[in-house]
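Breakdown of the fold
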Amino acid sequence: MDACQNVEKDVDRVNAKFSTAQQYINKNIDDLLENMQSMKEDLMSSGPPEGEVNQFHSSIFREKLKRTRDIASSLGGSHKEIHSSVSKVGKTIDKHFSARVLNLSKEPTFENSKRMDLLNRVINEHFLRQGMLDIADSIAQEACLDIPESVQEPFIEIHQIVAALKEKNLQPALEWAEARRELLSQQNSTLEFKLHRLQFIELIQKGPSHQQEILMYARRLAPFANQHPKEFQILMGSLLFLNQGLQGSPYDHLLASINLIEICEIFVQDACTLLGLSVESPLAVSLRAGCKSLPSLLNIMQVMQSSSVIWSAKEELPIEIDVGASSLYHSIFACPILKQPTSRGNPPMRLSCGHAISKESLNKLVNGNKIKCPLCPVESSPDEAKQLYM
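What this report covers is the structure whose coordinates are included nearby. Because the structure is a prediction, the values reported are computed rather than measured.

Another aspect to go through is the sheet that holds strand β3 (residues 366–367). Taken together, the three strands give an open sheet; going across it, the order is β3-β4-β5, and neighbouring strands pair in antiparallel fashion. Edge positions in the sheet fall to β3 and β5 (379–380), since each of these pairs with one other strand and no more. Looking at chain direction, β3 and strand β4 (residues 370–372) are connected through two bridges and run antiparallel. Residue pairing across strands places Asn367 opposite Lys370, the latter belonging to β4.

As structure tokens, this is what we get:
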């Protein structure tokens, strides 16, 4: 982050100098034009009828030419100063961003066609998620990716519905939710109810002139009364303030803009779940975790190279890196004996007494054909231990 801030400061300086230089250049060009105009007027006012050039004319030419050269020299100096600042940005990038990043992985990525194909597909999917269809199509063409329309259509539909929601148009989302009511109910989704609730609030805001329409729409909320009794009661209670409006009433919170933001988040989450996709873009998650991990990885790589240490474990890092709670997607079991997280090669094992330790600890605690639990006095056979899958 500090590296990015340093580069940003240099870029800001360059932009400031560009702005100052532009004003300076414009002023000098105006002076130059004024100088030329002044020379023309002097020549016209003092020139003889036959148009011969005399010594006076020559002095005017020399004076104006010197002034023009001074202005051109000043402009050249301003350009050199800007060029120096731009070059400094490149040096700052080279200083703060190491080119050794590619050496962190022993297995090549950019030279491996299969990995490059996978990387291009991840990038393509990211732009599809963002609704940037033109960019996604360009990447697919340049990378020779075969992306069928059936893959693109769900992303296009999701993007269009989210765009409609941001414009407070709930109809596309309601039609989508009603068409998938059974699937959404299986995952206990509240999307359809919250869409109807928001639509109901919109109708109430129209006032008593739409009373009949509001009461008719209230019947559509009835099937959700058992699942959301408290919220249903609040909506029905808000009808008492139909004449004076909800603004300033006890039901003022129903008008909060956060309700629409919540609807967008729930819709994207439910849509991605039905498609078997993660809510966040894999590319965005990888970049975020990578930016947090790279500084530590570069430091440990330098230490290991200077100490001639070779790390052979493929699925473990030599140090623990905190990438934040938002980037934790798997359960972690730490052995209470070795105080280390378990792995595929060293999985957690459940003893007959119910306590769990790592397989490595189990092997170390075996005494003959028995093992005594380190957490309680129960003894059991090592064969009775079962592997836990988390």
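Moving on from the coordinates now.
Once that is clear, we can look at the packing of aromatic side chains. Going through the model one piece at a time under the given rule, you end up with three aromatic pairs. Note on Trp176 and Phe267: the rings are 5.0 Å apart at their centroids and 75° apart in plane angle, and the pair reads as edge-to-face. Taken as a pair, Trp176 in helix α6 (residues 171–179) and Phe267 in helix α11 (residues 258–275) lie far apart in primary sequence, 91 residues in all. For the pair Trp176 and Phe267, one class covers both residues: buried.

Now for the sheet that holds strand β1 (residues 348–350). One open sheet accounts for three strands, arranged β2-β1-β6; its pairing is antiparallel. Of all the strands in the sheet, just β2 (356–358) and β6 (386–387) have a single pairing partner and so form its edges. In this structure, β1 lies alongside β2, joined through three bridges in antiparallel fashion. Each residue of the ladder has a partner; that of Pro348, found in β2, is Ser358.

With that out of the way, let us pick up helix α8 (residues 191–205). A rise of 1.5 Å per residue sets the reference length of α8, with its 15 residues, at 21 Å; its end C-alpha atoms lie 21 Å apart and thus fit the reference within 8%. Judged by how many residues are buried, α8 sits mostly within the fold: 12 of 15 residues are covered. Residues of α8 that are buried include every one of Leu191, Glu192, Phe193, Lys194, Leu195, His196, Arg197, Leu198, Phe200, Ile201, Leu203 and Ile204, and no others. On its buried face, α8 is in contact with α5 (149–166), α6, α7 (181–186), α9 (211–221), α10 (229–237) and α11.

Tracing the backbone shows Ser358 in strand β2. The contacts of Ser358, once residues within four sequence positions are left out, are Phe333, Cys335, Leu338, Thr342, Asn346, Pro347, Pro348 and Met349.

Formed by 37 residues in total, the largest nonpolar core has its most connected members in Leu165, Trp176, Leu191, Leu195, Phe200 and Phe267. Mapped by element, the contributors of at least two residues to this core are α5, α6, α8, α9, α10 and α11. No other element matches α8, which puts eight residues into this core. Ignoring anything within four residues of it in the chain, the contact list for Leu191 reads Trp176, Ala177, Leu184, Ile263, Ile266, Phe267 and Asp270.

A separate point is the environment of Gly207. Mapped onto the fold, Gly207 is located in the loop between α8 and α9. The class of Gly207 is buried, set by a relative accessible area of 10%. Residues Gly207 and Gly290, spaced 83 residues apart in sequence, show a C-alpha to C-alpha distance of 52 Å. Every residue in contact with Gly207, bar those within four places of it in the chain, is listed here: Ile214 and Leu242.

What follows is about the pattern of salt bridges. Inspection of every chain in the model, using the stated rule, returns 11 salt bridges. A salt bridge links Asp10 to Arg13; the nearest nitrogen and oxygen atoms lie 2.4 Å apart. Of this pair, Asp10 and Arg13 are both found in helix α1 (residues 2–46), three residues apart, which corresponds to roughly one turn of the helix. Looking at Arg13, the relative accessible area reads 46%, which means it is partly exposed. Note that Asp117 and Arg121 form a salt bridge whose closest N and O atoms lie 3.0 Å from each other. Highlighted residues: Asp117 and Arg121, both in helix α3 (residues 113–129), separated by four residues, approximately one helical turn. Relative accessible area serves as the criterion here: at 28%, Asp117 is assigned to the partly exposed category. Look at Arg121 and you get partly exposed, because its relative accessible area is 32%.

What counts, and at which threshold
- Residues numbered from 1 in each chain as written.
- Predicted model: local features only at pLDDT ≥ 70, side-chain atom pairs only at ≥ 80, totals over all residues.
- Heavy atoms only, no water.
- Pairing = 2+ DSSP bridges.
- Helix = DSSP H or I, 4+ residues; strand = E, 2+ residues; numbered from the N terminus.
- Phe/Tyr/Trp six-rings, centres within 6.5 Å; stacked < 30°, edge-to-face > 60°.
- Buried < 20%, exposed > 50% of the residue type's maximum accessible area, 1.4 Å probe, protein only.
- Expected span 1.5 Å × (residues − 1).
- Contact = heavy atoms within 4.5 Å.
- Core = buried A, V, L, I, M, F, W, Y, C linked by side-chain atoms within 4.5 Å.
- Salt bridge = Lys/Arg side-chain N within 4 Å of Asp/Glu carboxyl O.

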